[in-house]
Amino acid sequence: RWCMLVDVEGFMLENVEEFKTWGPLVNSKPCPDRKGETFDGFLKALTTGLKPSHPSWQEAIYALDIQYSIKEKLKLFRGLKYDIEHDVRKACDLGANTTRKRFYLKARKDGLPIKWADFKYDKPGSQAVKDKIKTPYKPAYEHIDFTISCKSIFGRPKPLAPNTMARIARGIKKFVVDCPNPFIFRIGQPGFG
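As a starting point, this report considers the structure included with it. (Residues numbered from 1 in each chain as written. Predicted model: local features only at pLDDT ≥ 70, side-chain atom pairs only at ≥ 80, totals over all residues. Heavy atoms only, no water.)

### Regarding the layout of surface pockets
Thought 1: Size it by volume and the largest pocket reaches roughly 1,600 Å³.
Thought 2: Along the wall of the largest pocket there are 34 residues; nearest its centre are Tyr141, Ile144, Phe146, Phe175 and Phe183.
Thought 3: Looking at which element gives the most residues to the lining of the largest pocket, the answer is helix 6 (residues 162-177), with six residues.
Thought 4: Residues of the lining of the largest pocket, tallied by class, amount to 22 nonpolar, seven polar and five charged.
Thought 5: There is about 360 Å³ of room inside the second largest pocket.
Thought 6: Taken together, 19 residues make up the lining of the second largest pocket; nearest its centre are Arg1, Trp22, Phe42, Ala45 and Leu64. (1 Å grid on protein atoms, 1.4 Å probe; cavity = no way out; pocket = protein on both sides within 12 Å on 5 of 7 lines; lining within 4 Å. Points joined across faces, edges and corners; volume = space filled by probe spheres on them. Helix = DSSP H or I, 4+ residues; strand = E, 2+ residues; numbered from the N terminus. Nonpolar A, V, L, I, M, F, W, Y, C, P; charged D, E, K, R; others polar.)

Dropping the structure here:
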C-alpha cells in the first residue's frame, strides 16, 4: 500500500525468512498447497504487475482496500516497476552478534544497481578465517555486562514458557554440556559459584 501511495525510488524490507512462504491460510494455518503464492503476487505487484488471473489478485485488492478504484487496480496490474533482489542472510555474517537468519528485500526504480554488503565474518576456525580473508564471528557475550543483576530463570512467580525453557536447555547442552570448551562465566567471589 505504501509503495502504491508514495512513489519512492527505493526501499528495503526485513522480515523472517518464512516471509518467502507467505500464502493463503486455511483454518488459521498456512495452506501447504499454496505456499509462497501471496509472496509471488507481492513481488509481481512491485515489479512487472499482478494480473487478475493470479491467485492472489483478489487478496491484494482487499488487502490494499482498492476494490472500488480502477486507477489503483490499473497501477497494480501494470506493476510499480521496481527492480528487486532478495536474500536470506545471517546477521553474524555482517558483524552482528546473532546467528538468526533474516529475509531482506531491496527494491529500486532509479536505474542504479542494487548493492549488498560483503560477508566479512565467518565461523571461528573456518578456512576463510584461517586464511585471514574473513574475521571470526563476534561472540554476543563480549557485549553483555555481567555485573548487572537480573532475575533468575528459577523461582519466578510466573515460570517461563515451556518453549523458552526448552530453548535454554538446548543452549546449555550445546554450549556447556556437550562443548569441548564450555562457556562458563564466573560470578561472585573467587571460590564461589
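### Some words on the sheet that holds strand 4 (residues 83-90)
Thought 1: Ordered by their spatial adjacency, three strands build an open sheet running 1-5-4, and the pairing between neighbours is antiparallel. Edge strands, defined here as strands with exactly one partner in the open sheet, are strand 1 (10-15) and strand 4. Ignoring which end each strand starts from, the neighbouring axes of this sheet average 15° apart.
Thought 2: Where strand 4 lies against strand 5 (residues 101-108), eight bridges are found, and the strand directions are antiparallel. Of the residues in strand 5, the one forming a bridge with Arg89 is Arg102.
Thought 3: With respect to the sheet, helix 2 (residues 37-46) is in contact with strand 1, strand 4 and strand 5, its orientation differing from that of strand 4 by roughly 140°. (Pairing = 2+ DSSP bridges. Axes fitted to C-alpha atoms, helices over the stretch in contact; angles between N-to-C directions. Contact = heavy atoms within 4.5 Å.)

### Here we look at a nonpolar patch on the surface
Thought 1: Side chains of Tyr141, Ile144, Phe146, Phe175, Phe183 and Phe185 sit close together on the surface and give an oily, nonpolar patch of about 570 Å² of accessible area.
Thought 2: Mapped onto the fold, Phe185 is located in the segment after helix 6. (Patch = residues over 30% accessible without salt bridge, like charges linked within 9 Å, V, L, I, M, F, W, Y side chains within 5 Å. Areas by Shrake-Rupley, 256 points an atom, 1.4 Å probe, with all protein chains shown as cover. Salt bridge = Lys/Arg side-chain N within 4 Å of Asp/Glu carboxyl O.)

### Considerations on the pattern of salt bridges
Thought 1: What the rule picks out here adds up to eight salt bridges.
Thought 2: Between Glu14 and Arg102 there is a salt bridge, and its shortest N-O distance comes to 2.9 Å. Pair noted here: Glu14 is in strand 1 and Arg102 is in strand 5, with a separation of 88 residues, a long-range link.
Thought 3: You can call Glu14 partly exposed: its relative accessible area is 45%.
Thought 4: On the accessibility criterion, Arg102 (15% relative accessible area) is buried. (Buried < 20%, exposed > 50% of the residue type's maximum accessible area, 1.4 Å probe, protein only.)

### Remarks on the nonpolar core
Thought 1: Within the largest apolar cluster, 22 residues are counted, with the highest numbers of intra-cluster contacts made by Phe11, Leu76, Tyr82 and Leu105.
Thought 2: Counting only elements with at least two residues in this core, the list comes to helix 1 (2-5), strand 1, helix 2, helix 3 (57-63) and strand 5.
Thought 3: If we skip the residues at most four places from it in the chain, Phe11 touches Trp2, Cys3, Leu46, Tyr82, Leu105, Lys106 and Ala107. (Core = buried A, V, L, I, M, F, W, Y, C linked by side-chain atoms within 4.5 Å.)

### Some words on the packing of aromatic side chains
Thought 1: One pass over the full model with this rule turns up eight aromatic pairs.
Thought 2: Centroid distance Phe19 to Phe42: 5.9 Å. Interplanar angle 85°. Geometry classified as edge-to-face. With a gap of 23 residues between them, Phe19 in the loop between strand 1 and strand 2 (25-26) and Phe42 in helix 2 connect regions that are remote in the sequence.
Thought 3: Taking the relative accessible area as the measure of exposure, Phe42 reaches 21% and is therefore partly exposed.
Thought 4: These aromatic residues form a ring-pair network of at least three members: Phe19, Trp22, Phe39, Phe42 and Phe103.
Thought 5: Here the guanidinium or amino end of Lys51 rests over the ring plane of Phe77, the centre of that ring lying 4.4 Å away.
Thought 6: The cationic tip of Lys109 hangs over the ring face of Tyr82; the distance from NZ or CZ to the ring centre is 4.5 Å. (Phe/Tyr/Trp six-rings, centres within 6.5 Å; stacked < 30°, edge-to-face > 60°. Lys NZ or Arg CZ within 6 Å of the ring centre and 35° of its normal.)

### Observations concerning unusual backbone geometry
Thought 1: Positive phi, close to 55°, is recorded for Asp65, a residue that is not glycine.
Thought 2: Mapped onto the secondary structure, Asp65 falls in the loop between helix 3 and helix 4 (70-78).
Thought 3: Residue Asp65 is classed as exposed on the basis of its relative accessible area, which comes to 54%.
Thought 4: Residues other than glycine seldom take positive phi values, yet Lys81 does so here, at roughly 65°.
Thought 5: Relative to the helices and strands, Lys81 is located in the loop between helix 4 and strand 4.

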